[in-house]
Amino acid sequence: MPNSSSIVLSARAVERTITRMADEIVERNDGTEGLVLVGIQRRGVQIAGRIAARIEASERVKVPLGALDITLYRDDLQTVGPRPVVGKTTLPVALDGKHVVIVDDVLFTGRTIRAALDELADFGRPARVALAVLIDRGGRELPIQPDVVGTNVEAPRGARVDVMVAELDGRDEVVLTSGAGS
Amino acid sequence: MTSPLGKDLLGLEQLTAGQISLILDTAVPLKEISERTIKKVPTLRGATIVNLFFEASTRTRISFEFAEKRMSADTVNVASAGSSVSKGETLVDTARNLEAMRIDMVVIRHPASGAARFLAERIESNVINAGDGTHEHPTQGLLDLLTLRDRFGTLKGKRICLCGDVLHSRVARSNIWGLTKLGAEVAVCGPRSLLPNAIGEMGVTVFDRIEAAIEWADALNVLRLQLERMHAGYIPSLREYNRVFGVTRERLARAPRDVLILHPGPMNRGVEIDSDVADGPHSVILNQVTNGVAIRMAVLYLLSGNTPALADAAKAPA
Amino acid sequence: MSGAPDILLKGGRLVDPSSKLDGTGDLLIRDGKIESVGGTIAAPDGAKVIDCKGQVVAPGFIDVHSHLREPGREDVETIATGARAAAAGGFTAVCAMPNTDPVTDNQAAVGFVLKQGRAAGAARVYPIGAISIGEKGERLAEFGEMVGAGAIAVSDDGKPVVSSQLMRTALEYARTFGIPVADHCEDPTLAEGGAMNEGLVSARLGLKGIPSEAEEIMAIRDILLARRTGGHIHLCHMSTRGSVDLIRWGKDRNIRVTAEVCPHHLSLTEDAVDGYDTHAKMNPPLRSADDVDALQQAVKDGTIDVIATDHAPHHYDEKEREFSDAPNGIVGFETALAVNITWLVKPGIISLATLIEKMSCAPARLFHLPGGSLRRGAAADITVFDPARDWTVDPTRFFTKGRNTPYAGRTLTGVVACTLVDGRIVHNSGREGHG
């Protein structure tokens, strides 16, 4: 039975959504003071970059931008199969006392964010940590909630939600593919 | 078995270029962990690793220990001098005892060539060869490759010369396999009494004089010359060795290009390498040490994928 | 031995190069001797008839180089188990090297080995006495006393005779007693610490190599001393092309040099060491394919006189070790015939007759031993074997206590059906002939 896929966000819609998310982040933080954006590898990094660019355009402030690879903190390494590739982690500033916003493309079970929180704790003690995701598809397995959401997508368990970014995939798009059965 | 390297890391001779590149690529992002304040990731939490060293070695053992601890593994050091015969407990028995204690990984250094393989064939745990006799020292070879790749971008077509006692050097052998597989041109330089008689069949160029090697090379990997070789009569004296083969500032000054200097350590300053070279601007010896921990973390990470693959997840990493 | 029934070996292919015999026929044994050989023989009353159709009936094999480990290492072999294993391999006689513990360097020790051999009641056991006391390479042992007690040759095997002066003296002194001096050719300074052949494989594996020259230098030394002294030098376990060339040089000059080669040097190369398999570790080591080739040709053209096993059992624990620590040696009695047939006869390098010459007639002739012949009136030391039957080597079924063989699991061609010494069956595989 062929999978059916539909476009959830077109390129233009992605741009509008990210613009709104950036504005929301600044609003929640009451400005850019102490703000640090940390994108989760891989595509969270590109999205965080877009958000930072939007903030720079509207507030004329360059917010520190970091990338976090959570592979080594995954809770499923013993069962996932061959060792996943480890990406780069770079944090431009010390995190103590900062207002960190974790940025990711899709929030699903919450395990990635759990791993990210553990890893951030090894780098220092932020004053607070918030979560911004482009897509929330529900299906949480841990008590993790986003603070800023691009859009919600109803996706049953077997379905896939893929975020594509121009830098890696040639175009900006969010696609929902329903699985054949669950 | 889902580890892309198989159960053990015994040497570079049996690895493909792809596997070697995978280890180097994996080590790159792991370097950052040693720069953090909290130098730890939870990846190998709960894993038990035994460092089984039958030969004295501070630096390699410490490097492995850092790698293991920074991955949150539990480590146990077992130091034992000499071979089975002198020890009284055979390597077979040591292996079986370890297995009975449910060890996940063993890092072994042993004076007999083939000892790592001997152990690997008899226990289920992952075995990492930290140097077996004069056979191979794969993690040293890998960290040398990474250090060179960091500087050159690629090893393809690069000219690397191994200088010194190649005959007795496991570092040299691992380097020869690793470098040739990644497309480098490899040469050796040393007195013929310290080169294997069959060196001509190993795919490397041979330089009898260090001056010729320096003129040819992009990088020199200077091997440690051991005092025992002089006592065993392979060369007449260390003094003469330095005069004829020593890597000195004067000799390097005449090189047509900047020649990178590597050394596996510990160095005999004034014998195979002069201090002003070891501490000079072209030396990457300290980078080797830094890379050593990252390489060893990468190897531990890649070997530890030991559980049956789930259906979709069984694809090799990109 | 009257009273024992006659034995009629019926319908086998009788091959005896010493009497230029090769053809189908019968052989009758009476009172421990060959009563009649060739043609069709009617079975006398009460005779035991053994059907040898499809099998070869040959003079019993004689192994001039073996280690029976007793006295001293009865845990790995005794003269009894060794003699029984030899019989299973088709050997009606074996010569036991003196590197026992204590060394067999005096008449009492020689007498002991002889006595144990007789008590074993399997293959005959001929003791070889040491050249020097304790095999220390210093003082000559008492050749006369040892020969008087039953020694048939002298050797310091296990070790080379390092002093050329001592070798010279040994060759001269041995002339008095008409015995060969057998040398293990190895220059100790070149070979020291070596674990395998020196070459590309040793360079790759990081094992110290033993260069061919370690053997060749001593071989030519022995040949030259044999020329000077007129003595009979027998070169043990030759393994290189260079050695073969030197032996040829010596024989061309009518020097009294004889040479032996072992089945493993005719069949395996240094590649067998890959993976650090200690069952491929022996001294002299397995060499290159070119050496194997040269040795095979040397067997064919007569440069090599005899094939001997250098049967060397070791304890499982001793071989289950790091390669450089493991002792040298493999067992050989029970695989010798099959290895030789598989690698020499089957590919057509030598004929079956030549093989029997190398394994029976020549050893008897060169070491002045009885046997090696199917002549009427000779002692009935006979080997019956199937030259075409395949079998898989399973060391757990060996008669020898040793299990150290590189051929484990291999399928070889050639099975001993039955072995007779003095007309007594000392080994019977239970397989009679059936064409």
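What you see is a predicted model, and the numbers here were worked out from it, not measured in a lab. (Residues numbered from 1 in each chain as written. Chains lettered and ligands numbered in written order. Predicted model: local features only at pLDDT ≥ 70, side-chain atom pairs only at ≥ 80, totals over all residues.)

Q: Summarise the overall build of chain A; cite the residues concerned and give the values.
A: For chain A, the helix and strand inventory stands at four helices and eight strands. Against the globule reference of 16 Å for 182 residues, chain A gives a C-alpha radius of gyration of 16 Å, in line with a compact fold. In terms of overall dimensions, chain A has a C-alpha envelope of 50 × 40 × 30 Å along the principal axes. Classification of the 182 residues of chain A by burial places 40% in the buried group. A sequence separation of at least 24 residues applies to 69% of the contacts in chain A between residues at least 6 apart. (Helix = DSSP H or I, 4+ residues; strand = E, 2+ residues; numbered from the N terminus. Rg over C-alpha atoms; globule rule 2.2 N^0.38 Å. Buried ≥ 20, exposed ≤ 12 C-beta atoms within 10 Å, placed from the backbone. Contact = placed C-beta atoms within 7 Å.)

Q: Give a detailed account of the sheet that holds strand E1 (residues 5-9) of chain A, specifying residues and quantitative values.
A: Hydrogen bonds along the backbone pair up the strands of a sheet, which may run parallel or antiparallel. Residues and elements named next belong to chain A. An order of E1-E8-E7 is seen for the three strands of this open sheet, with the pairing classed as antiparallel. Here the strands that pair on one side only, and so sit at the sheet edges, are E1 and strand E7 (160-164). The sheet shows a mean angle of 25° between the axes of neighbouring strands, direction not considered. Pairing of E1 with strand E8 (residues 173-177) involves four bridges; the strand directions are antiparallel. The residue of E8 that forms the bridge with leucine 9 is valine 174. (Pairing = 2+ DSSP bridges. Axes fitted to C-alpha atoms, helices over the stretch in contact; angles between N-to-C directions.)

Q: Describe the sheet that holds strand E2 (residues 74-79) of chain B, with residues and values.
A: All names here are of chain B. Spatial strand order, E2-E1-E3-E4: four strands in an open sheet with parallel pairing. Only two strands of the sheet have a single partner each, and these edge strands are E2 and strand E4 (126-132). Neighbouring strand axes in the sheet, compared pairwise and without regard to direction, differ in orientation by 15° on average. As paired strands, strand E3 (residues 105-110) and E4 are joined by five bridges and run parallel to one another. Bridge assignment links valine 107 to a residue of E4, and that residue is isoleucine 128.

Q: Give a detailed account of the domain arrangement of chain B, specifying residues and quantitative values.
A: Residue and element names in this part refer to chain B. Segmenting chain B into domains produces domain 1 (17-136 + 292-308) and domain 2 (138-289). One C-alpha centre belongs to domain 1, the other to domain 2; they are set 26 Å apart. Each side of the interface is counted separately: domain 1 has 18 residues, and domain 2 has 19 residues. Looking at the side of domain 1 that touches domain 2, the elements that each hand over two or more residues are helix H1 (17-30), E4 and helix H13 (285-303). With five residues, the top contributor of residues to the side of domain 1 that touches domain 2 is H1. Per-class residue counts for the side of domain 1 that touches domain 2 are eight nonpolar, six polar and four charged. (Domains from an automatic or database assignment. Nonpolar A, V, L, I, M, F, W, Y, C, P; charged D, E, K, R; others polar.)

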